[in-house]
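Chain by chain, the residues:
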Amino acid sequence: MTSEHQPPPAAEPGKPELSFGQLLYRFLFFDWLFRDVNAARDLYERHAARQHNQRMSRYLPVYLRRWSVLAAFDFCLGMLFEKVVQATLLSAWFFTWSCVTVTGMVVITVAWLFLAFARMP
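Keep in mind it's a predicted model, so treat the numbers as computed, not measured.

Cut-off values and rules
- For every chain, the first residue of the written sequence is number 1, and numbering continues from 1 along that sequence.
- Two thresholds apply to this predicted model, a pLDDT of at least 70 for residue-level local features and 80 or more for giving and counting side-chain atom pairs, whereas whole-chain, interface and lining totals are computed over all residues.
- Note: side-chain values were computed over all heavy atoms of the structure, leaving out hydrogens and water.
- Strands are runs of DSSP state E lasting at least 2 residues, helices are runs of H or I lasting at least 4, and numbering of each runs from the N terminus.
- Only protein chains enter the calculation, and the probe is 1.4 Å; a residue is then buried if its accessible area is under 20% of its type maximum, exposed if over 50%, and partly exposed in between.
- We call two residues in contact when some of their heavy atoms are within 4.5 Å.
- UniProt positions are given in the numbering used here, feature names are shortened, and annotations may be inferred rather than shown by experiment.
- Nonpolar core, defined: a set of buried Ala, Val, Leu, Ile, Met, Phe, Trp, Tyr and Cys residues in which side-chain atoms within 4.5 Å join the residues together.

Structural notes on the overall build of the protein
Part 1 of the reasoning: Helix and strand counts for the protein stand at four helices and zero strands.
Part 2 of the reasoning: Put simply, the protein runs from its N terminus to its C terminus through helices and strands in the order α-α-α-α.
Part 3 of the reasoning: Going through the 121 residues of the protein one by one, you find that 22% of them count as buried.
Part 4 of the reasoning: A separation threshold of at least 6 residues defines the contact pool for the protein, and within that pool the share at least 24 residues apart is 59%.

Structure follows, in structure tokens:
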């Protein structure tokens, strides 16, 4: 068997392959799934990277759901701190983060629309 087709080496027992921070980053952000089309050296690599990105766009709705849960959670915490606890600074903090997550949802939606429904030239 060639080295291209060998499975990756097994991790040591009890040792995770990714740290918690890396795992959390990959859970929330999707940039690690995609290839940079502009880094391609020629037309064939650019086409392959674009096809790869279009195939990986099927995972963007999963990230959209994750970010919508975050937006709803932040908004609910903002309402809780504003109405129940009367902590306006904490409520402003969570309302601000709900706005940030909604902005992230717009970015994910636009990326998904452009990648999933784009026509290859």
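Observations regarding the UniProt feature "transmembrane region" (unreviewed entry) in the protein
Part 1 of the reasoning: Sites flagged by UniProt as "transmembrane region" (unreviewed entry) map to residues 63-81 and 93-118.
Part 2 of the reasoning: The annotated region residues 63-81 carries 100% helix and 0% strand content, and the separation between its end C-alpha atoms amounts to 27 Å.

Notes on the environment of V62
Part 1 of the reasoning: Tracing the backbone shows V62 in helix α3 (residues 60-83).
Part 2 of the reasoning: A residue is classified by how much of its surface remains accessible, and V62, at 27% relative accessible area, is partly exposed.

Examining the nonpolar core
Part 1 of the reasoning: Counting eleven residues, the largest nonpolar core is built from L28, F30, L33, F34, M56, L60, Y63, W67, A71, M105 and I108.
Part 2 of the reasoning: Among the elements of the structure, α3 and α4 (88-116) are those that each provide at least two residues to this core.
Part 3 of the reasoning: Here this core takes four residues from α3, the largest share from any one element.
Part 4 of the reasoning: When neighbours within four sequence positions are excluded, F30 is seen to be in contact with L60, Y63 and I108.

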